[in-house]
Amino acid sequence: MKKNENYESLTRTFSRLSKFAHLSAIAGWDMFAMMPPGGSTARGEALAELGVLQHQILTDKRVGEWLQSAESEDLNDVEQANLREMTRHYQQAALLPESLVEAKSLAGSKCEHAWRSQRPANDWLGFSANLKEVVKLSRQEAHIRAEAKGCSPYDALLDIFEPDMTSARLDVLFADLKSWLPDLLVKVVDKQSREHLIAPQGPFPTATQRELGLEAMTLLGFDFNAGRLDVSAHPFCGGVPEDVRITTRYDENELLSALFGVVHETGHARYEQNLPRQWLGQPVALARSTAIHESQSLFFEMQLGRSDAFLKQLLPAIVQHFGPQPAFEESNFIAWNQRVKPGFIRVDADEVSYPAHVILRYEIERALIDGDIEVDDIPALWNEKMQSWLGLSTEGNYQNGCMQDIHWTDGGFGYFPSYTLGAMYAAQLFQAARTALPGLDNAVANGDFSALFDWLRQNIWQHGSRFSTSQLIEQATGEALNSRYFRDHLTKRYL
Ligand code: CO
């Protein structure tokens, strides 16, 4: 018998799977960024067929046997971490009966497809009928996963996106945010209500906005030899580490949303582009979790991108491209980019009011999956929580309330907490970098981000999934995740 025979069989299988995942990612990017509408049915079918093939390879009973036998083989630290991640992927895929996977996928596509027209029509009744089916199947999935893992149904879904996180821990973290954030928000809004700001005046031609976006990506170290910027209706970061595809969308009347969208996706992209090369194709080389991924994009967009220092560096390029105007006076431009304005829509929210949107969704989706509430209860709960957090009523306004997000339409329960966890991780990481690198603030003010990016590469990017999220954060920052740094950051920037 060869050395580590079972482990070697596994690495060959996962390497093969990663090649199919590569093609699926690039075809998926093409579907959203390039494909003419007439191609959509055939592409959907082709991707589904590829998905079935990947699922068959991954859940082959030999994979289960290899995983068990490999446990007693002589593996080094990285190989053991890889085996742990392989086991995770296998269990996630193999636990569910194929009939449930198929039913969930069908109900999800139906609900999502109809939602695209039901949302603008404010059609809650039509939408909720489809959502009930999605929730029913997601509950079945959650129960099967919970039984295997020995946890609550919601925690079993959370684990798909955030291994190492539980609702008990989230409750503590979010209770802490709830104890100071509403008050901070009121103070910031009050302070800013006395400022009179000038809005940038368009039009801002798309081609010029694209040029500016590319310049920002260059400034932020994006590797154009291993990635591209394109356009899609909903911005995303896709592709594979060797070929990262990011997208944005342009509005000629609005300059900053596309630009900061690009800065955000560049944070995701740099994480992908700097994942450990030597293990590429293996699960251990993948990004750690959705919250850690989001921490990198928010590190770029919020910690760095909306800082005074970075905005000052961006401004000359903006004036060069679009000419001077009163809104581009430095202090106005900075204040404009740091406005706090509670509103209905999560994706438009500033970083001070964003956690309210996330915690509200977390509380509702957890109760929904654990069976404490039903779909019909959602609008009233949404309204009640929006009223108490942000003072806004969503009564009868479903399209800007509980129908605004795509996540629940295809059963993506357990994802929302990642956004606020990401913001908290980002603040904690930035402070740790500042402590480790005494000249950092000066360097950043002079447009030199190299030390900062080296720090991220060494502490986050190059580790892939080698460590658990808790280990990764403790090694990088010296302590477990807590909200202190996020609070300090918001207080310092906005009060
Ligand atoms: Co993101």
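Just so it is clear, the model here is predicted, and its values are computed rather than measured.

Engineer: Explain the overall build of the protein to me, please; I cannot follow it from the model alone.
Structural biologist: Broken down by element type, the protein carries 20 helices and three strands. Rg of the C-alpha trace for the protein: 23 Å, near the compact-globule value of 23 Å for 495 residues, within the 12% margin. Projected onto its principal axes, the C-alpha coordinates of the protein cover approximately 75 × 50 × 50 Å. Taken as a whole, the protein presents about 21900 Å² of accessible surface, with 52% of it coming from carbon and sulfur. Distance between charge centroids for the protein: 1 Å, based on 46 positive and 65 negative side chains.

Engineer: Whenever I open this one, the side chain of Gln282 confuses me. Can you help?
Structural biologist: Its place among the elements puts Gln282 in the loop between helix H10 (256-273) and helix H11 (290-305). Taking relative accessible area as the criterion, Gln282 reaches 13% and is therefore assigned buried. Only 2.9 Å separates the side chain of Gln282 from the backbone oxygen of Thr11, close enough to count as a polar contact. In this structure Gln282 touches Thr11, Phe14, Ser15, Asn82 and Met86, once residues within four positions along its chain are discounted.

Engineer: What is the right way to read the nonpolar core from this model?
Structural biologist: One recurring pattern in soluble globular proteins: nonpolar side chains tend to sit buried together. Core analysis: the biggest nonpolar cluster contains 111 residues, and Leu131, Leu304, Ile318, Phe328, Ile378 and Ile460 have the highest contact counts within it. No other element matches the 11 residues that helix H16 (residues 417-436) contributes to this core. Not counting the four nearest positions on each side in its chain, Ile318 is found in contact with Leu212, Leu255, Leu259, Gly323, Phe328 and Phe333. Core analysis: the second largest hydrophobic core is formed by 17 residues, Tyr7, Leu50, Leu75 and Ala93 among them.

Engineer: Quick question: what am I supposed to make of the sheet that holds strand S2 (residues 237-240) here?
Structural biologist: Read across the sheet, three strands follow the order S1-S3-S2 without closing on themselves; strand pairing throughout is mixed. Of all the strands in the sheet, just strand S1 (227-231) and S2 have a single pairing partner and so form its edges. Each adjacent strand pair in this sheet contributes to an overall mean axis angle of 20 degrees, direction not counted. In this sheet, strand S3 (residues 243-248) lies alongside S2 in antiparallel orientation, the contact comprising four bridges. Residue pairing for S3: Gly239 is matched across the bridge by Val244.

Engineer: Honestly, the pattern of salt bridges in this entry has me stumped. Any pointers?
Structural biologist: Close approach of charged atoms allows side chains with opposite charge to pair. Per the stated rule, a full pass over the model turns up 26 salt bridges. With a shortest N-O distance of 2.9 Å, Asp230 and Arg228 are connected by a salt bridge. With a relative accessible area of 7%, Asp230 lands in the buried category. Taking the relative accessible area as the measure of exposure, Arg228 reaches 40% and is therefore partly exposed. Put simply, Arg84, Glu85, Arg88, Lys149, Asp159 and Arg288 are held in one network by salt bridges that share partners.

Engineer: Could you clarify how one ought to interpret the environment of Phe328 in this entry?
Structural biologist: With respect to the element layout, Phe328 can be found in the loop between helix H12 (308-322) and helix H13 (330-337). With 168 residues separating them along the chain, Phe328 and Ile160 place their C-alpha atoms 44 Å apart. Not counting the four nearest positions on each side in its chain, Phe328 is found in contact with Pro200, Phe204, Leu255, Leu315, Ile318, Val319, Phe322, Gly323 and Phe333.

Engineer: Help me understand the coordination of the cobalt ion, please; the structure alone is not making it clear to me.
Structural biologist: Expected angles at a metal are 109.5 degrees for tetrahedral coordination by four donors and either 90 or 180 degrees for octahedral coordination by six donors. His264 (NE2), His268 (NE2) and Glu294 (OE) make up the full set of protein donors to the cobalt ion, lying at 2.2 to 2.4 Å. Mapped onto the sequence, the residues coordinating the cobalt ion show the spacing H-x3-H-x25-E. Taken together, the residues span a long stretch of sequence, with His268 in helix H10 and Glu294 in helix H11 at a distance of 26 residues. Per residue, the accessibility class of His268 equals that of Glu294, and both read buried.

Definitions and limits used
Residues numbered from 1 in each chain as written. Predicted model: local features only at pLDDT ≥ 70, side-chain atom pairs only at ≥ 80, totals over all residues. Heavy atoms only, no water. Helix = DSSP H or I, 4+ residues; strand = E, 2+ residues; numbered from the N terminus. Rg over C-alpha atoms; globule rule 2.2 N^0.38 Å. Areas by Shrake-Rupley, 256 points an atom, 1.4 Å probe, with all protein chains shown as cover. Lys, Arg positive; Asp, Glu negative; His and termini not counted. Charge placed at Lys NZ, Arg CZ, Asp CG, Glu CD. Buried < 20%, exposed > 50% of the residue type's maximum accessible area, 1.4 Å probe, protein only. Polar contact = N/O pair within 3.5 Å; in protein donor to acceptor, adjacent residues only side chain to side chain. Contact = heavy atoms within 4.5 Å. Core = buried A, V, L, I, M, F, W, Y, C linked by side-chain atoms within 4.5 Å. Pairing = 2+ DSSP bridges. Axes fitted to C-alpha atoms, helices over the stretch in contact; angles between N-to-C directions. Salt bridge = Lys/Arg side-chain N within 4 Å of Asp/Glu carboxyl O. Donors = N, O, S within 2.8 Å, 3.2 Å for Na, K, Ca; no water.

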